[in-house]
Amino acid sequence: GRDVTEIDRRRFWRLGPAGLLLGGCLLAAVASHATTIHGNFVGTNYDYLGVQETSSFGDPEPLFGAPIIVGDSLVFTPTTFSASAAGAFGFDQTGAQLQATIMSTGALPINVITIDEFGEVDLSGVGSPATGAFISMSGVVTVLETTGGPCVACQIPWVGTFTPSDLYGLPADAGQTLFQGNALIDVASFFPNATKVFLSFDNDMIVSSEAGTTAIMEKKPTIVISVPEPGTVLLLGSAALAFALRARRGSTR
């Protein structure tokens, strides 16, 4: 992440969790950008082409980590994708964007794209919601081609969800909490029989702290982008529900 001025720290601290969102907007104007090109990956039924990530807030790349292809899934193992803040007016933001062209190599269209990630937030000390953490995942899928030919201006905005939450703060969320992020982009509902799409995936986290407290948020392996076959979508939903129940029991204090 990157430090901000003491004036900015005071502003975010006074606003509490709402200030985390404001902080993201402010830092976007002064963000630095670097690009890591991961290349092309050949899957069983779908290829991921031109995979690259751009760091928006100055942390060393690659934040997502070097991917591997497993079947029709692109799997990342992040080890440095984190944000941390300690003490009065602490603030840190880490963000990156991943891009890839997904192309069908056979008879199966691109019906659904799923994204799953895992992580942990750790809040310590005696404080208020001004010590907290926020995480988001969102993006756009642009359909480039269908079985009927090129698709013009065919965009699907999407926003992921987090379990048990995307926003944490003291004292309610003191200690360590595991979280899972999920997105299910139903391409076929908007543009049936897509054969080539461009995925843009933004992933951001923000933490803030006050005197005598610390806030840490980090991604845990793995981040998985997948084009599942139709019959596996319900299984993915069941797995996400099981994680949600475990996370809720683990965060009960």
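Note that the structure is a prediction, hence the values are computed from the model and not measured. Going along each chain's sequence as written, the residues are numbered from 1 onward. Local features are withheld for residues below a pLDDT of 70 in this predicted model, meaning they are given only at 70 or higher, and side-chain atom pairs are given and counted only at 80 or more; totals for whole chains, interfaces and linings count all residues. Water and hydrogen atoms play no part in the side-chain values, which are based on all heavy atoms of the structure.

Asks: For this particular structure, what's the right way to read the overall build of the protein chain?
Replies: Of the regular secondary structure elements, the protein chain holds 4 helices and 15 strands. Each residue is assigned to one of three classes by its accessible area relative to the maximum for its type, calculated with a 1.4 Å probe on protein chains only: buried under 20%, partly exposed between the two thresholds, exposed over 50%. When each of the 253 residues of the protein chain is scored for burial, the buried share is 49%. For the protein chain, long-range pairs separated by at least 24 residues make up 77% of all intrachain contacts whose partners lie at least 6 apart in sequence. If you sum the accessible surface of the protein chain, you get close to 11,200 Å²; carbon and sulfur atoms cover 60% of it. Working definition: helices are DSSP H or I runs of at least four residues, strands are E runs of at least two. Numbering for both runs from the N terminus. Should any heavy atoms of two residues lie within 4.5 Å, those residues are counted as being in contact. To measure how exposed things are, a 1.4 Å probe is used in the Shrake-Rupley method; for residues, cover is taken only from the protein chains shown.

Asks: Even after reading the chapter, I still don't get the environment of Thr177, so can you show me in this structure?
Replies: Looking at the secondary structure, you find Thr177 in strand 13 (residues 175-186). Note on Thr177: relative accessible area 3%, which makes it buried. Spatially, the C-alpha atom of Thr177 lies 5.6 Å from that of Glu120, the residues being 57 residues apart in sequence.

Asks: Hey, could you run me through the state of the cysteines in this one?
Replies: Here, disulfide denotes a covalent bond that connects the sulfur atoms of two cysteines. The disulfide criterion is simple: two cysteine sulfur atoms within 2.5 Å. Under the criterion given, the structure shown has 1 disulfide. At a sulfur-sulfur separation of 1.8 Å, the disulfide partner of Cys151 is Cys154. Since a negative S-S torsion denotes a left-handed disulfide, the Cys151-Cys154 link at about -95° is left-handed. Residue Cys151 shares its accessibility class with Cys154, and that shared class is buried.

Asks: Explain unusual backbone geometry to me, please; I cannot follow it from the model alone.
Replies: Across residues other than glycine, the phi torsion is negative in most instances, and most of the peptide bonds are trans. That bond from Thr163 to Pro164 is cis: its omega, 5°, falls within 30 degrees of zero. Residue placement: Pro164 occurs in the loop between strand 11 (161-163) and strand 12 (167-169). The linkage connecting Pro221 with the following residue, Thr222, adopts the cis geometry, with an omega of 15°. Its place among the elements puts Thr222 in strand 15 (residues 213-226). The phi torsion at Asn193 lies on the positive side, around 65°, for a residue other than glycine. Along the chain, Asn193 falls in the loop between helix 3 (187-190) and strand 14 (194-209).

Asks: Whenever I open this one, the packing of aromatic side chains confuses me. Can you help?
Replies: A ring pair, where both rings are aromatic, is described by two values, the distance of the centres and the angle of the planes. Classification of ring pairs rests on two measures: the distance between centres of Phe, Tyr or Trp rings, Trp counted by its six-membered ring, which must be within 6.5 Å, and the angle between planes, read as stacked under 30 degrees, edge-to-face over 60 and tilted in between. Per the counting criterion, the structure on display carries 5 aromatic pairs. An aromatic cluster is built from Phe64, Phe76, Phe81, Trp158 and Phe201, whose rings are joined through pairwise contacts. Geometrically, a lysine NZ or arginine CZ counts as sitting over a ring once it is within 6 Å of the ring centre and also within 35 degrees of the ring normal. For the cation-ring pair, Lys219 lies above Phe81, with the distance from its terminal atom to the ring centre recorded as 3.9 Å.

Asks: I tried to follow the confidence of the model for the protein chain on my own but got confused; where do I start?
Replies: Confidence scores here are pLDDT values: one per residue, from the predictor, ranging 0 to 100. When pLDDT is averaged along the protein chain, the result is 83; 76% of the residues meet or exceed 70. Contacts of residues 1-18 to residues separated by more than four positions or lying in other chains number 39 contacts, the stretch itself having pLDDT below 50. Predicted confidence is poor over residues 234-253, with pLDDT under 50, and the contacts of this stretch with residues over four places away or in other chains come to 20 contacts.

Asks: Would you mind going over the environment of Thr105 with me for this structure?
Replies: Residue placement: Thr105 occurs in the loop between strand 6 (90-104) and strand 7 (112-125). Distance from Thr105 to Thr44, taken between C-alpha atoms, is 8.2 Å for residues 61 residues apart in sequence. Here Thr105 is in contact with Thr44, Asn45, Tyr46 and Asp47, once residues within four sequence places are set aside.

Asks: In this structure, what is going on with the side chain of Ser226? I would like to understand it.
Replies: Residue placement: Ser226 occurs in strand 15. Counted as a polar contact is a pair of N or O atoms within 3.5 Å, where, for protein atoms, one must be capable of donating a hydrogen and the other of accepting one, and residues adjacent in sequence contribute only when both atoms are in side chains. Separated by 2.8 Å, the side chains of Ser226 and Ser73 make a polar contact. Once residues within four sequence positions are removed from consideration, Ser226 is found in contact with Tyr48, Asp72, Ser73, Val112, Ile113 and Thr114.

Asks: So what exactly am I meant to see when it comes to the environment of Pro109 here?
Replies: Within the secondary structure layout, Pro109 lies in the loop between strand 6 and strand 7. Considering only alpha carbons, one finds Pro109 and Asn45, 64 residues apart in sequence, at a separation of 9.2 Å. When neighbours within four sequence positions are excluded, Pro109 is seen to be in contact with Tyr46, Asn193 and Ala194.

Asks: What is the right way to look at the pairing of strand 14 in this model?
Replies: Note on strand geometry: in a regular strand, side chains alternate between the two faces of the sheet. Counting buried residues along strand 14, 12 of its 16 residues qualify, which places the element largely inside the surrounding structure. Any two strands with at least two DSSP bridges between them are considered paired. Bridge count between strand 6 and strand 14: 14 bridges; the pairing is antiparallel. If you follow Ala96 over to strand 14, its bridge partner there is Asn203. Direction of pairing for strand 8 (residues 132-146) relative to strand 14: antiparallel, over a ladder of 14 bridges. In the strand pairing of strand 14, Gly132 is matched with Ser208.

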